[in-house]
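# Examination of the molecular architecture
Listed below are the residues making up each chain.
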Amino acid sequence: MIVLGFESSCDETGVAVVSAERGLLAHALYSQVEMHQAYGGVVPELASRDHVRRVLPLTQQALNGAGLTLDDVDAVTYTAGPGLAGALLVGASVAQAIAWARDLPSIAIHHLEGHLLSPLLATPRPEFPFVALLVSGGHTQLMRVDGVGRYELLGETLDDAAGEAFDKTAKLLGLGYPGGPALSRLAESGRADRFDLPRPKLHSPDLDFSFSGLKTAVLTRMKTLDADDAQARADLAAATQDAIVSVLVAKAAKALEATGLKRLVVAGGVGANRLLRERLATHLARLRAQAYFPPLELCTDNGAMIAFAGALRLQAGLANPSERHMGFTVQPRWPLDAA
């Protein structure tokens, strides 16, 4: 079965072609980062308009990369939420139009489910059940995953997401957008032990996170620094990254111990962070557990994870290939357990 997937929840336009039997055949992705840099963040109206410009050329690019045409497609999937309403509507509208014109089933996919299942596109592929750490600019959650569509929330952030903490700290340090990767690059030339930053909820008995206090602590340290001291800024970036990663690793390990599982899947944009990958691999090895990551190119939002999630839902019988949906909606706010 060939599945065509669309992702347009925020500032990346992604289209991909997946085979239920052979995996990812091709994907095309366009990032709007350069356009939004002038504003220091995503402008929803500009994001929506750019999705409109990019989605059809990217669709053709993905089909060409797979050596297929729309005649070969058996189902269409799209991100229905959460995300920016106008941006979501672009991908959903195109997907529904193709499905209607070709008399194909269309499957609405939860954005986080796409991230959650994306490490299954990698080799080696984790087996169910596993613990998943979803960590991005908008979400930080620990989930127990027993199968496709079988998710249990173990813990989540009570305020800022980890990626949001990266971005806000980067802005305080005067770094460009997107802040997370910029902060990580600056941290490479810094000493993490120069500044003692808080690690909120590091030793709490639950599996929840909190990162807003860390941002406040960075702001306090910033006020004591010489504005021209480049090394101090690098050291503060390194300390911030170390604090965030330490909490993520500790909570992920605690989730494995609480569930008795030995497999951890890491998904979301922060999953591309080099220090997080290294620390998790080392820490989990001591627990005789293993961490699984999606390929770096699939850590950010992309159509491959949406097409793949749709293919898995079809395989699991969670989507009816004979059902047709002429009407559709998007959900800017959509809890994963309600999907």
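The residue numbers shown here count from 1 along each chain, following its written sequence. Local features in this predicted model are restricted to residues whose pLDDT is 70 or higher, and side-chain atom pairs enter the listing and the counts only when it is 80 or higher, whereas totals over whole chains, interfaces and linings include all residues. Heavy atoms throughout the structure, all of them, feed into the side-chain values; hydrogens and water do not.

For the rest of this paragraph, the subject is the layout of surface pockets. Only protein atoms enter the 1 Å grid, on which a cavity is a set of points fitting a 1.4 Å probe that cannot get out and a pocket is an open set with protein on both sides within 12 Å along at least 5 of 7 lines, lining residues being those with an atom within 4 Å of a point. Grid points are joined across faces, edges and corners, and a volume is the space filled by probe spheres set on the points. By volume, the second largest pocket is sized at about 370 Å³. Lining the second largest pocket are 24 residues, and of these Ser106, Ile107, Ala108, Ile109 and His325 lie nearest its centre. Working definition: helices are DSSP H or I runs of at least four residues, strands are E runs of at least two. Numbering for both runs from the N terminus. Those elements giving two or more residues to the lining of the second largest pocket turn out to be strand E4 (75-81), strand E5 (106-110) and helix H10 (303-315). If you tally residues by element for the lining of the second largest pocket, the top one is E5, at 5 residues. Residues are grouped as follows: Ala, Val, Leu, Ile, Met, Phe, Trp, Tyr, Cys and Pro are nonpolar; Asp, Glu, Lys and Arg are charged; every other residue, Gly included, is polar. Residue composition of the lining of the second largest pocket, grouped by class: 13 nonpolar, 8 polar and 3 charged.

Another point: the environment of Ala87. As for its placement among the helices and strands, Ala87 is situated in helix H3 (residues 85-102). Remark: exposure states derive from per-residue accessible area (1.4 Å probe, protein chains only) relative to the maximum for the residue type, with buried under 20%, exposed over 50%, and partly exposed in between. We classify Ala87 as buried; its relative accessible area is 0%. For this analysis, residues touch if any pair of their heavy atoms sits within 4.5 Å. Beyond its immediate stretch of four places on either side in the chain, Ala87 contacts Ser8, Ser9, Cys10, Ser48 and His51.

Another aspect to go through is the nonpolar core. Grouped together as the largest cluster of nonpolar side chains are 48 residues, with contacts concentrated most on Leu197, Leu248, Leu264, Leu276 and Leu280. Of all the secondary-structure elements, those providing two or more residues to this core are strand E6 (130-135), helix H5 (162-172), helix H6 (179-187), helix H7 (212-222), helix H8 (230-259), strand E9 (263-267) and helix H9 (274-286). Of all the elements, H8 adds the most residues to this core, at 15 residues. Leu197 has contacts with Leu214, Ala217, Val218, Arg221, Leu236, Ala239, Thr240 and Ala243, leaving out every residue within four places of it along the chain. Residues Ala75, Leu112, Leu298 and Leu314 belong to the second largest nonpolar core, which totals 34 residues. In this description, a nonpolar core means a group of buried Ala, Val, Leu, Ile, Met, Phe, Trp, Tyr and Cys residues linked to one another through side-chain atoms lying within 4.5 Å.

We now examine the packing of H8 against H9. Packed helices, taken two at a time, are described by the angle between their axes plus the distance between the axes. Only C-alpha atoms enter the line fits that serve as axes; for helices the fit covers just the stretch in contact. Angles between N-to-C directions range over 0 to 180 degrees. Closest axis-to-axis distance for the H8/H9 pair is 10 Å, and the angle between their directions is 35 degrees. The chirality of how H8 crosses H9 is right-handed. Seen from H8, the contacting residues are Gln241, Asp242, Val245, Ser246, Leu248, Val249, Ala252, Ala253 and Leu256; seen from H9, they are Leu275, Leu276, Arg279, Leu280, His283 and Leu284. Its residues assigned to classes, the contact of H8 with H9 shows 10 nonpolar, 3 polar and 2 charged. Two helices that cross are described as forming a left-handed crossing if the nearer one is turned anticlockwise from the farther one by less than a right angle, and a right-handed crossing if clockwise.

What follows is about the sheet that holds strand E8 (residues 150-156). For two strands to count as paired, DSSP must find a minimum of two bridges between them. With respect to topology, 5 strands assemble into an open sheet ordered E8-E7-E6-E9-E10, the strand pairing being mixed. Unpaired on one side and paired on the other, E8 and strand E10 (290-292) mark the two borders of the sheet. Each adjacent strand pair in this sheet contributes to an overall mean axis angle of 25 degrees, direction not counted. Judged from the 6 bridges that link them, strand E7 (residues 140-147) and E8 form a sheet pairing that is antiparallel. Bridge pairing in E8 links Val145 to Tyr151.

Below, the discussion takes up the UniProt feature "binding site: Fe cation" (unreviewed entry) in the protein chain. UniProt positions are given in the numbering used here, feature names are shortened, and annotations may be inferred rather than shown by experiment. The positions that UniProt labels "binding site: Fe cation" (unreviewed entry) are, in the present scheme, His111, His115 and Asp301. Taken along the chain, the residues just named run across 191 residues; in space they keep tight, none of their C-alpha pairs more than 8.5 Å apart. When you line up the elements, His111 lands in helix H4 (residues 111-117). Residue classification places His111 among the buried positions, given a relative accessible area of 6%. Once you skip the residues sitting within four places of it in the chain, His111 turns out to touch Glu7, Ser9, Thr79, Gly81, Pro82, Asp301 and Met305. The class of His115 is buried, set by a relative accessible area of 3%.

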